[in-house]
Amino acid sequence: MKIAPSILSADFGRLNEEIASVEKFCDWVHVDVMDGHFVPNITIGAPVVKCIKTSLVKDVHLMIDSPEKYIEDFAKAGTNYLTVHFEACPNLKEVLDIIRKNGMKVGVSVKPGTPIDVLKEFLDELDLVLVMSVEPGFGGQKFMESALGKISWLRDAGFKGEISVDGGINAETGPACVKAGASVLVAGNYIFGAEDREQAIRKLGR
Ligand code: DX5
Ligand code: ZN
């Protein structure tokens, strides 16, 4: 199981120091990109991803409309996994192909209200499915149990790629997701808000 701290809950003014504080205990760094249209919040874009200096895998979660416009920028910024939202891509297959052509691993995310079986026809083309366990847009929300059924569905459907779960992950919900079949735990508030970040990460099951 991999741990991906979400920098949404970090101090953006000291981003590289914040990431360095958890680097030894984690595998990926999760970057939430929001455009104020697809979600009611605005965060950061490719220039900031480029400035992140880390040995961790850069896992970028695009919560934006028309993500195809920015794929090349994120590739140039050193993104390893690029995840787009199913709900933002009427032309999903094309978008996935562009991500692949730009040399990145391909991810798709679904909001809590979107049934997971919409991804059935795309599973063979995905390296990662990101199951949202809160409404995308903000950190610090409560985990929605419906995510567990989606994770199990993906494993039952034979999906062998990474299953990442994002939103409300903590020492209780994280292990439950791993039990259901998740391989990546994204956690923002739980890690960056902890007094002892190493201890908090270990409690996720490390
Ligand atoms: C929410 C983001 C998450 C967020 C999770 O839209 O996609 O990555 O940072 O935050 P926590 O772990 O605080 O629920
Ligand atoms: Zn995220």
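Everything below is about the structure printed above this text.
Not measured: the values here are computed from a predicted model.

Parameters at a glance
Residues numbered from 1 in each chain as written. Chains lettered and ligands numbered in written order. Predicted model: local features only at pLDDT ≥ 70, side-chain atom pairs only at ≥ 80, totals over all residues. Heavy atoms only, no water. Salt bridge = Lys/Arg side-chain N within 4 Å of Asp/Glu carboxyl O. Helix = DSSP H or I, 4+ residues; strand = E, 2+ residues; numbered from the N terminus. Buried < 20%, exposed > 50% of the residue type's maximum accessible area, 1.4 Å probe, protein only. Donors = N, O, S within 2.8 Å, 3.2 Å for Na, K, Ca; no water. Tetrahedral: all angles 85-135°; square planar, octahedral: opposite > 155°, others 65-115°. Pairing = 2+ DSSP bridges. Right-handed = clockwise from strand over helix to strand, strands pointing away. Contact = heavy atoms within 4.5 Å. Axes fitted to C-alpha atoms, helices over the stretch in contact; angles between N-to-C directions.

Engineer: Is there a simple way to think about the pattern of salt bridges in this case?
Structural biologist: Between side chains of opposite charge, pairing is possible as soon as their charged atoms come close. All told, the structure shown has 10 salt bridges when counted by the stated rule. Of the charged contacts, one joins Lys93 and Asp97 as a salt bridge, the two residues approaching to 3.0 Å between their closest N and O atoms. One end of the pair, Lys93, and the other, Asp97, are both in helix H4 (residues 92-101), four residues apart, so they sit about a helical turn from each other. According to the relative accessible area criterion, Lys93 is partly exposed, its value standing at 39%. Given the relative accessible area of 29%, Asp97 is considered partly exposed. Between Glu198 and Arg202 there is a salt bridge, and its shortest N-O distance comes to 2.6 Å. Pair noted here: Glu198 and Arg202 are both in helix H8 (residues 197-202), with a separation of four residues, about one helical turn. Given a relative accessible area of 30%, Glu198 falls into the partly exposed group. Note on Arg202: relative accessible area 39%, which makes it partly exposed. Connected through shared salt-bridge partners, Asp11, Arg14, Glu17, Glu18 and Arg197 make up one network.

Engineer: Hey, could you run me through the coordination of the zinc ion (ligand 2) in this one?
Structural biologist: When four donors bind a metal tetrahedrally, each ideal donor-metal-donor angle is 109.5 degrees, and when six bind octahedrally, the ideal angles are 90 or 180 degrees. Protein coordination at the zinc ion (ligand 2) comes from His30 (NE2), Asp32 (OD), His61 (ND1) and Asp166 (OD), with a distance range of 2.1 to 2.3 Å. Around the zinc ion (ligand 2), the six donor atoms are arranged such that angles at the metal cover 69 to 168°; this shape is classified as octahedral.

Engineer: I keep staring at the pairing of strand E7 (residues 162-166) and nothing clicks. Help me out?
Structural biologist: Regular strands place side chains that alternate from one sheet face to the opposite one. Counting buried positions over the five residues of E7 gives five, a clear majority of the element. Alternating positions in E7 separate into two faces, Glu162, Ser164 and Asp166 on one and Ile163 and Val165 on the other, with burial throughout. Relative to E7, strand E6 (residues 128-132) runs parallel, the two sharing five bridges. The residue bridging Leu130 from the neighbouring strand is Ser164, located in E7. Since E6 and E7 lie parallel, the crossover through helix H5 (residues 146-156) that links them has a hand, and here it is right-handed. The sheet contact formed by E7 and strand E8 (residues 184-187) spans three bridges and is parallel. Each residue of the ladder has a partner; that of Ser164, found in E8, is Val184.

Engineer: Explanation requested: the environment of Val178 in the structure shown.
Structural biologist: Along the polypeptide, Val178 turns up in helix H6 (residues 173-180). In sequence terms Val178 and Gly193 are 15 residues apart; their C-alpha atoms lie 22 Å from each other. Among all residues touching Val178, those that are not within four sequence positions of it are Met1 and Leu185.

Engineer: What should I look at first to understand the sheet that holds strand E2 (residues 28-34) in this one?
Structural biologist: The pairing of strands in a sheet happens through backbone hydrogen bonds and is either parallel or antiparallel. Judged by pairing direction, the sheet is parallel, and its eight strands sit side by side in the order E1-E8-E7-E6-E5-E4-E3-E2 without closing on themselves. The sheet is open, and its two borders are formed by strand E1 (2-5) and E2, each paired with just one other strand. The average angle at which neighbouring strand axes cross in this sheet is 20°, direction not considered. As judged from the four bridges shared by strand E5 (residues 105-110) and E6, these two strands associate in the parallel manner. By the bridge assignment, Val110 is partnered in E6 with Val131.

Nothing here speaks to function; it is all geometry.
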